[in-house]
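Chain by chain, the residues:
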Amino acid sequence: MTYPLSTYLKQQLINQQFTLYKLWENPLNSQQFKQISNSIHAIVANASHGANAELIESLPNLEIIASYSVGVDQIDLIKCKEREIKVTNTPDVLTNDVADLALALVLATLRRVCVGDGFVRNGGWKSCQLSLATKPNSVTVKPDSDIYWTEESDCSSSPTFPLFELCVVVVVVVVVVAVVGFDVDVDDQIVPKMTQLFSGKSVGILGLGRIGSAIAKRAEAFGCPISYCSRSKKPDVSYEYYDKATDLAANAEILIVSCSLTEETRHIINREVIDALGPKGILVNIGRGAHIVESQLVSALVEGRLGGAGLDVFENEPNVPEELFKLDNVVMMSHVGSDTVETCKAMADLVVRNLEAHFLKRPLLTPVI
């Protein structure tokens, strides 16, 4: 096993009489690894910790790599083909979870769910009962407060509370406006920053495979027009098709990345695509971090050339650009698209069944090669 995976998976492997070696505890060039390398006939990998050419070459008796993920971009498939090593993954069982998270990221970004949650948890809702009107004599505060403007007050009269307390009130309002995301309307009233509607917005999906199709089905329930971009037009769907990511972005208000990571799709979301999506557009990535030129995404968000982003994956996980931490129009998750109890169990079972099938000389359930 290349990385610590679920306890359930480890127990199932042991239950099926597999001897489990933890490669993260036995570095490639260590004496311990050299002692066990001839005994390893299978690798259990995942989306972020796969098997590169060096690892594959160091295991002379390796027969199969079973990935605890759909993506196999961290496995050297060319080397596997050369060595006639089988590779399996876990498609289908995680489709619904990932599609659900894609929609959750869309909604959380548009409706500013994280900002609103923080506002309530931090007491902002309870304490922000000060409303500013056009004239000072219409400023009100909490009913139980002894700090107030009298109705007879005007700009030239003295307030009935000390200057220090006025300053405190002003500072609190400024902090709430700057941090929580409040706007001042035309009447100078402090109001929560408006969120955006999801229902009916045009959704572009980059990659209309299993997960992309599940996302489309969910978005349709919100009355969203669907368009997509993929290697070729799908004959069995009626969605608008674009053969270029830039054209897809230009005709969508929300762009969701759900394609596999290949050399063709690496950095497919660049400045041109982001600018086509525009300052009101929302970008969601539940594919792989390397689909996006991350530095160009960050600059677009910081400069206001992109409306917002919902991100479950990053290019250099677990490292995330610190500039994103300051942006309240960005919602981030830690590559957990398939991490529900039910799906993790189903994925583990599929990994074990593929291994069993291989060593029992039966057809693999979900072969990649």
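Sequence order as written defines residue numbering, which begins from 1 separately in each chain. pLDDT decides what is reported in this predicted model: residues at 70 or higher carry local features, side-chain atom pairs at 80 or more are listed and counted, and totals for whole chains, interfaces and linings draw on all residues regardless. For the side-chain quantities, the full set of heavy atoms in the structure was used; hydrogens and water were omitted.

Q: Please set out the nonpolar core residue by residue, giving values where relevant.
A: Judged by nonpolar contacts, the single largest core of 44 residues is most densely connected at Leu-9, Val-203, Ile-215, Ile-256 and Ile-286. Helix and strand definitions here come from DSSP, where helices need a minimum of 4 consecutive H or I residues and strands a minimum of 2 consecutive E residues; each element is numbered from the N-terminal end. The element best represented in this core is helix α5 (residues 95-110), accounting for nine residues. Contacts: residue pairs with any heavy atoms within 4.5 Å of one another. Excluding residues that lie within four positions of it along the chain, Leu-9 makes contacts with Met-1, Val-44, Tyr-68, Ala-348, Val-351 and Val-352. Grouped together as the second largest cluster of nonpolar side chains are 26 residues, Leu-248, Leu-277, Leu-301 and Ala-309 included. Among buried residues, the Ala, Val, Leu, Ile, Met, Phe, Trp, Tyr and Cys ones that are joined through side-chain atoms within 4.5 Å form a nonpolar core. For the exposure calls, accessible area comes from a 1.4 Å probe over protein chains only, and a residue counts as buried if that area is under 20% of its type's maximum, exposed if over 50%, partly exposed in between.

Q: I'd like to hear about the sheet that holds strand β2 (residues 64-67), residue by residue, with values.
A: Any two strands between which DSSP finds at least two bridges are classified as paired. One open sheet accounts for three strands, arranged β1-β2-β3; its pairing is parallel. Every interior strand has two partners, whereas the edge strands, β1 (42-45) and β3 (86-88), have only one. Adjacent strand axes in the sheet meet at a mean angle of 15°, parallel and antiparallel pairs treated alike. Both β1 and β2 contribute to a ladder of four bridges, which runs parallel. In the sheet register, Ala-45 faces β2, and the bridge partner there is Ser-67. Only the stretch in contact is used when a helix axis is fitted, and all axes are lines through C-alpha atoms; the angle between N-to-C directions ranges over 0 to 180 degrees.

Q: If you had to explain the sheet that holds strand β11 (residues 308-311) to someone new, which residues and values would you point to?
A: Each strand in a sheet pairs with another by means of backbone hydrogen bonds, the pair being arranged parallel or else antiparallel. Pairing is parallel in the open sheet, where seven strands are placed in the order β8-β7-β6-β9-β10-β11-β12. Edge positions in the sheet fall to β8 (240-242) and β12 (330-332), since each has one partner strand and no second. Ignoring which end each strand starts from, the neighbouring axes of this sheet average 15° apart. Bridging between strand β6 (residues 203-206) and strand β7 (residues 226-229) involves four bridges; their strand directions are parallel.

Q: Tell me about the packing of aromatic side chains, and name the residues and values.
A: Between rings of Phe, Tyr and Trp, where Trp is taken as its six-membered ring, a pair exists when centres lie within 6.5 Å; planes separated by under 30 degrees are stacked, by over 60 edge-to-face, and by other angles tilted. Summed over the entire model, instances satisfying the criterion amount to three aromatic pairs. Plain terms: the ring middles of Phe-18 and Phe-359 are 6.1 Å apart, the flat faces sit at 55° to each other, and that makes the pair tilted. Of this pair, Phe-18 sits in the loop between α1 (7-15) and α2 (31-36) while Phe-359 sits in helix α13 (residues 341-359), and the two are 341 residues apart along the sequence. Take Phe-18: its relative accessible area is 23%, and that puts it in the partly exposed class. On the numbers, 5.2 Å between centres and 50° between planes, the contact of Tyr-228 with Tyr-241 is tilted. With Tyr-228 in strand β7 and Tyr-241 in strand β8, the pair connects residues that are 13 residues apart, well separated along the chain. For Tyr-241, a relative accessible area of 21% puts it in the partly exposed group.

Q: An account of the pairing of strand β10 (residues 282-285) is needed here, citing residue identities and associated values.
A: Burial along β10 is two-sided: the face carrying Ile-282 and Val-284 and the face carrying Leu-283 and Asn-285 are both buried. As paired elements, strand β9 (residues 254-257) and β10 share four bridges and run parallel to each other. Bridging across to β10, Leu-255 finds its partner in Leu-283. Handedness of the crossover joining β9 and β10 through helix α11 (residues 271-277): right-handed. Pairing analysis gives four bridges linking β10 to β11, with the strands arranged parallel. Residue Asn-285 lies in a different strand from β11, and its bridge partner there is Leu-311. Chirality of the crossover, the property in question, places the unit of β10, helix α12 (residues 294-303) and β11 among those that are right-handed. Crossover handedness is defined here as right-handed if the route from the first strand over the helix to the second strand goes clockwise, with the strands pointing away from the viewer.

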